[in-house]
Protein chains: 2
Amino acid sequence: MRPQKVNDESLMAGLLEVLRSKGYDGASLSELSMATGLKKASLYHRFPGGKKQIAESVMLEVRAWIKQEVLDVLKNKKMKPKDRLDTALGRIEEFYAWGEKSCILRALSMDCGMEQVGDLVQASMESWQKGFLKLGQDMGLSKKKAEKRALESLILIQGSLVVAKGSRSPQAFKYAIEKIKSIYL
Amino acid sequence: MRPQKVNDESLMAGLLEVLRSKGYDGASLSELSMATGLKKASLYHRFPGGKKQIAESVMLEVRAWIKQEVLDVLKNKKMKPKDRLDTALGRIEEFYAWGEKSCILRALSMDCGMEQVGDLVQASMESWQKGFLKLGQDMGLSKKKAEKRALESLILIQGSLVVAKGSRSPQAFKYAIEKIKSIYL
DNA sequence: GTCTATAGCTAGATAGAC
DNA sequence: GTCTATCTAGCTATAGAC
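Residues numbered from 1 in each chain as written. Chains lettered and ligands numbered in written order. Predicted model: local features only at pLDDT ≥ 70, side-chain atom pairs only at ≥ 80, totals over all residues. Heavy atoms only, no water.

**Student:** Go over the overall build of chain A, please, and point to the residues and values.
**Tutor:** In terms of regular secondary structure, chain A is built from nine helices and zero strands. Whereas a compact globule of 185 residues would reach a radius of gyration of roughly 16 Å, chain A reaches 18 Å, a difference of no more than 12%. Considering only intrachain contacts with a sequence separation of at least 6, the fraction spanning at least 24 residues in chain A is 67%. For chain A, the accessible surface area stands at approximately 8,700 Å², while carbon and sulfur atoms represent 51% of it. Taken as two groups, the 32 positive and 22 negative side-chain charges of chain A have centres that lie 1 Å from each other. (Helix = DSSP H or I, 4+ residues; strand = E, 2+ residues; numbered from the N terminus. Rg over C-alpha atoms; globule rule 2.2 N^0.38 Å. Contact = heavy atoms within 4.5 Å. Areas by Shrake-Rupley, 256 points an atom, 1.4 Å probe, with all protein chains shown as cover. Lys, Arg positive; Asp, Glu negative; His and termini not counted. Charge placed at Lys NZ, Arg CZ, Asp CG, Glu CD.)

Given below as structure tokens:
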């Protein structure tokens, strides 16, 4: 058993960076290899299922991240709702580098014929909305109103990241964060 | 001069469909060929610059479409502001098939190393926002407020289309359309 | 203007040495 | 576990017949 040249955390981080920026079809194994510091054959050793498994593994991590940093934080009854929101939004700002980075959910929801990846994107979005739903309800909103604001929060983040990328300015993302804060005032 | 097998309108429509759904890297010439009914070599006859020129041409059309159906409609002083908004939103709903189709701006704002395409995406987004800015100002809003709502309209559309795709339901898009109507009430 | 055929390359994936 | 070398399929792009 030779030691791993690159640990799992660093490996997954490199794969995520390429996938979120280039998407599934745009992310070549050569680029994934360069970004991680592992040669192609080594990537196949870590992910015998190849590029498909790489995308699935990254999305599994992202789904877990959203559950932990968004859903679990937003429904954490030990904190005041306002503090939960600030905490979750802080993690989100960091994850998207204050609007400089694309969203992996957006990148991997393009049509690329990967059913499993699509399922994980869907689950991640549902988890996100569930978190904001709980937050809204804990703030005293009706289920219907809380659902609407949860949907709006996801739309604002996704939309602002697309606009930030397209217009080459993170301004839209900062606007979205403030807007989300304001709808939960 | 042999007659064209496929006219420009139908040709561009086929190319747009593939590009908005698969993105630049995911759209292969084989698929563009199938979608348009022209063989690969014929596509090179129409677009000597190859796939790059295809993407640029599609984006040129999209930019023109947004100028005509969004910007020009929203700033048309011959109509009442409310009617301008309803007209533009109607065109937008149709263009995105009520949330069933992806946005080409989103698809082509992924990193694919095409500077010119990125410029056209940026210009299209600016044109969109300029239209909603004029609408807001004609409704009596301050420039600052009108700019914010213009940005929000673009974010809502882009975000809702990503969410609609990812959660496999056009519900988010319908929500966004209603939301835009409500912020210009 | 469209086509068939094919060049030249890079993609994803595998075999086997170390 | 990582690597070099290599396979095959698919890609973008071109040549030349009709």
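**Student:** Break down the environment of A:Ser42 for me, with residues and values.
**Tutor:** Residues and elements named next belong to chain A. Tracing the chain through its elements places Ser42 in helix 3 (residues 40-46). You can call Ser42 partly exposed: its relative accessible area is 28%. In this structure, the C-alpha to C-alpha distance between Ser42 and Met79, residues 37 residues apart in sequence, is 44 Å. (Buried < 20%, exposed > 50% of the residue type's maximum accessible area, 1.4 Å probe, protein only.)

**Student:** I'd like to hear about the relation of the copies chain A and chain B, residue by residue, with values.
**Tutor:** In the superposition of chain A on chain B (RMSD 0.0 Å, axial shift 0.0 Å), the rotation amounts to 180 degrees. The operation mapping one copy onto its partner corresponds to a two-fold rotation axis. By C-alpha distance to the rotation axis, the residue of chain A lying nearest is A:Gly159, at 1.6 Å. In this assembly, 100% of the residues forming the interface of chain A have copies in chain B that are likewise at the interface, indicating an isologous arrangement. (Least-squares fit on C-alpha atoms with pLDDT ≥ 70 in both.)

**Student:** Help me get a handle on the nonpolar core, residues and values and all.
**Tutor:** Looking at soluble globular proteins, one finds that nonpolar side chains tend to be buried together. Ranked by size, the top nonpolar core spans 124 residues in total, and within it A:Phe132 and B:Phe132 carry the most contacts. Once residues within four sequence positions are removed from consideration, B:Phe132 is found in contact with B:Val70, B:Leu74, B:Leu85, B:Ala146, B:Ala150, B:Ser153, B:Ile180 and B:Tyr184. (Core = buried A, V, L, I, M, F, W, Y, C linked by side-chain atoms within 4.5 Å.)

**Student:** Requested: an account of the interface of chain A and chain B, with residues and values cited.
**Tutor:** Listed per partner, the contact involves 36 residues of chain A and 36 residues of chain B. Interface area for chain A against chain B, summed over the two sides, is near 3,300 Å², with a carbon-plus-sulfur share of 62%. Where chain A touches chain B, the interface holds eight salt bridges. Looking at the side of chain A that touches chain B, the elements with two or more residues in it are helix 1 (8-26), helix 6 (104-107), helix 7 (115-138), helix 8 (143-166) and helix 9 (171-183) of chain A. Of the residues forming the side of chain A that touches chain B, the biggest block, 13 residues, is contributed by helix 8 of chain A. (Buried area = accessible area lost by both parts, 1.4 Å probe. Salt bridge = Lys/Arg side-chain N within 4 Å of Asp/Glu carboxyl O.)

**Student:** Before we move on, could you go through helix 8 of chain A and cite the residues and values that matter?
**Tutor:** In a regular helix each residue adds 1.5 Å, so 24 residues correspond to 34 Å; helix 8 of chain A covers 34 Å between its end C-alpha atoms and thus fits that length. Among the 24 residues in helix 8 of chain A, 17 count as buried, and that is most of the element. (Expected span 1.5 Å × (residues − 1).)

**Student:** Go over the protein's contact with DNA strand D with me, naming the residues and quoting the values.
**Tutor:** Taken together, 21 residues surround DNA strand D, and among them A:Arg2, A:Lys5, A:His45, B:Leu29 and B:Tyr44 come closest. Close to the protein, within 4 Å, the atoms of DNA strand D belong to sugar or phosphate groups at a rate of 64%. At 3.0 Å, a side-chain N or O of A:Ser42 approaches a phosphate oxygen of DNA strand D. Of the residues contributing to the surface near DNA strand D, the split by class is eight nonpolar, six polar and seven charged. (Near = heavy atom within 4 Å. Polar contact = N/O pair within 3.5 Å; in protein donor to acceptor, adjacent residues only side chain to side chain. Nonpolar A, V, L, I, M, F, W, Y, C, P; charged D, E, K, R; others polar.)

**Student:** Before we move on, could you go through the side chain of A:Ser124 and cite the residues and values that matter?
**Tutor:** If you trace the backbone, A:Ser124 turns up in helix 7. Those residues in contact with A:Ser124 that lie beyond four places of it in its chain are A:Met59, A:Arg63, A:Ile66 and A:Leu105.

**Student:** Would you mind going over the pattern of salt bridges in detail, with residue names and values included?
**Tutor:** Going through the model one piece at a time under the given rule, you end up with 32 salt bridges over all chains. Between A:Lys77 and A:Asp138 there is a salt bridge, with its nearest N and O atoms 3.5 Å apart. One end of the pair, A:Lys77, is in the loop between helix 4 (50-74) and helix 5 (81-95); the other, A:Asp138, is in helix 7, with 61 residues separating them in the sequence. Residue classification places A:Asp138 among the partly exposed residues on the basis of a relative accessible area of 30%. Residues B:Glu31 and B:Lys22 are paired through a salt bridge, measuring 2.6 Å at the closest nitrogen-oxygen approach. Judged by its relative accessible area of 22%, B:Glu31 falls in the partly exposed class. Put simply, A:Glu17, A:Arg20 and A:Lys101 are held in one network by salt bridges that share partners.

**Student:** How would you summarise the packing of aromatic side chains if you had to cite specific residues and measurements?
**Tutor:** According to the stated counting rule, one finds 10 aromatic pairs over all chains in the structure shown. Note on B:Phe95 and B:Tyr96: the rings are 5.0 Å apart at their centroids and 80 degrees apart in plane angle, and the pair reads as edge-to-face. By relative accessible area, which is 16% here, B:Phe95 ends up buried. Relative accessible area serves as the criterion here: at 3%, B:Tyr96 is assigned to the buried category. Sitting above the plane of the A:Phe95 ring, A:Arg20 keeps its charged end 4.6 Å from the centroid. Positioned above the aromatic ring of A:Tyr24 is the side chain of A:Lys51, whose terminal nitrogen or guanidinium carbon lies 4.7 Å from the ring centre. (Phe/Tyr/Trp six-rings, centres within 6.5 Å; stacked < 30°, edge-to-face > 60°. Lys NZ or Arg CZ within 6 Å of the ring centre and 35° of its normal.)

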